[in-house]
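What follows is the residue order along each chain.
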Amino acid sequence: EHAQAVEKKIIEAVQTDGASVRQEVTDALAHHVANASWSAEYVTSGSVSRVEAEVYEAVLTSYEIESAEVWSLSDDKTTWVIDLVIQATVETAVSVDFYVWDSIDREEVSIGSEPFEASTTIEVQAFLTCSGVQGDSNPDDWQIEIDIAHGSYDCDLTDVEPDFGD
């Protein structure tokens, strides 16, 4: 029963704009997204022989909590862990290099690179360790530590074409 009350309080706090807990989760997610390993392995082109893509920026744009589990770490029920599964939307900036085959010199030649953007949805698991939890206390009064493991993600950019207009 106490776990359900703690879970309800933390979920409400994370979903309330302006709440310090929401800001802490947002900051932790933004830091996680910016420092994660990003790849663009599935980028292809129908008009050139090969492309190489590199994600050079990833920015959190929004997120939603999909699920939450809560359990107590202490006998006195003042320290709790909240396991959040979060769906995060990320805007990625990708540099794509285009290559064609020169059949006369029998070599691959770069014909330039272009930037692209792609919106990608990722799943992130975050653990919030909340200390100082009392039955009637406010989540803003708790000591909250947020842990998110380093992530590796692939951006959702797939088919790209060079701009031959210049």
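Residues numbered from 1 in each chain as written. Predicted model: local features only at pLDDT ≥ 70, side-chain atom pairs only at ≥ 80, totals over all residues. Heavy atoms only, no water.

## A closer look at the pattern of salt bridges
Close approach of charged atoms allows side chains with opposite charge to pair.
Moving on, step 1. For the structure shown, the criterion picks out 3 salt bridges.
Moving on, step 2. Here Glu-12 ties to Lys-8 by a salt bridge, and the two come within 3.4 Å at their closest N and O atoms. Taken together, the residues span about one helical turn, with Glu-12 and Lys-8 both in helix α1 (residues 2-15) at a distance of 4 residues.
Moving on, step 3. Across the pair Arg-50 and Glu-52 runs a salt bridge, and its minimum N-O distance is 2.5 Å.
Moving on, step 4. Judged by its relative accessible area of 29%, Arg-50 is partly exposed.
Moving on, step 5. For Glu-52, a relative accessible area of 35% gives the class partly exposed. (Salt bridge = Lys/Arg side-chain N within 4 Å of Asp/Glu carboxyl O. Helix = DSSP H or I, 4+ residues; strand = E, 2+ residues; numbered from the N terminus. Buried < 20%, exposed > 50% of the residue type's maximum accessible area, 1.4 Å probe, protein only.)

## Here we look at the side chain of Asp-83
Moving on, step 1. Here Asp-83 shows up in strand β3 (residues 80-102).
Moving on, step 2. This buried residue, Asp-83, is left without a salt bridge; Arg-22 holds the nearest opposite charge, at 16 Å.
Moving on, step 3. Apart from the residues within four sequence positions on either side, Asp-83 is in contact with Ser-67, Ala-68, Glu-69, Trp-71, Gln-125, Ala-126 and Phe-127. (Lys, Arg positive; Asp, Glu negative; His and termini not counted. Contact = heavy atoms within 4.5 Å.)

## Quick word on the sheet that holds strand β4 (residues 107-131)
Moving on, step 1. Read from one edge to the other, the open sheet built from 4 strands follows the order β2-β3-β4-β5, with strand pairing classed as antiparallel. Since the sheet does not close on itself, it has two edges, and those belong to β2 (50-72) and β5 (143-148), each with one partner. With direction set aside, neighbouring strand axes in the sheet form an average angle of 15°.
Moving on, step 2. As paired elements, β4 and β5 share 6 bridges and run antiparallel to each other. The residue of β5 that forms the bridge with Phe-127 is Asp-147.
Moving on, step 3. Packed onto the sheet, helix α2 (residues 20-35) meets β2, β3, β4 and β5 and runs at close to 150° relative to β2. (Pairing = 2+ DSSP bridges. Axes fitted to C-alpha atoms, helices over the stretch in contact; angles between N-to-C directions.)

## Quick look at the environment of Ala-88
Moving on, step 1. Position of Ala-88 among the secondary structure elements: in strand β3.
Moving on, step 2. Along the primary structure Ala-88 and Gln-23 are separated by 65 residues, whereas in three dimensions their C-alpha atoms are 15 Å apart.

## Details of the packing of aromatic side chains
When we look at a pair of aromatic rings, we describe it by the centre distance and by the angle of the planes.
Moving on, step 1. Scanning the entire structure with this criterion turns up 2 aromatic pairs.
Moving on, step 2. Seen in terms of ring centroids, Trp-38 and Tyr-153 are 5.2 Å apart; in terms of plane orientation they differ by 40°. Their pairing is tilted. One end of the pair, Trp-38, is in strand β1 (residues 37-39); the other, Tyr-153, is in strand β6 (residues 152-154), and 115 residues separate them in sequence.
Moving on, step 3. Centroid distance Phe-98 to Phe-116: 6.4 Å. Interplanar angle 65°. Geometry classified as edge-to-face. Here the residue Phe-98 occupies a position in strand β3, and Phe-116 occupies one in strand β4, the gap between them amounting to 18 residues. An identical accessibility class is assigned to Phe-98 and Phe-116; each is buried.
Moving on, step 4. Over the ring of Tyr-99 we find Arg-50; its NZ or CZ atom is 4.2 Å from the centre of that ring. (Phe/Tyr/Trp six-rings, centres within 6.5 Å; stacked < 30°, edge-to-face > 60°. Lys NZ or Arg CZ within 6 Å of the ring centre and 35° of its normal.)

## A short note on the packing of α1 against α2
Moving on, step 1. The contact between α1 and α2 brings their axes to 6 Å, and the two run at 70°. Between α1 and α2, the interaxial angle falls into the category roughly perpendicular. Considering only the axes of α1 and α2, their crossing is right-handed. For the pair formed by α1 and α2, the contact residues are Ile-10, Ala-13, Val-14 and Gln-15 on the first element and Val-21, Arg-22 and Val-25 on the second. (Parallel < 35°, antiparallel > 145°, perpendicular 65-115°, else oblique. Left-handed = near helix turned anticlockwise from the far one by under 90°.)

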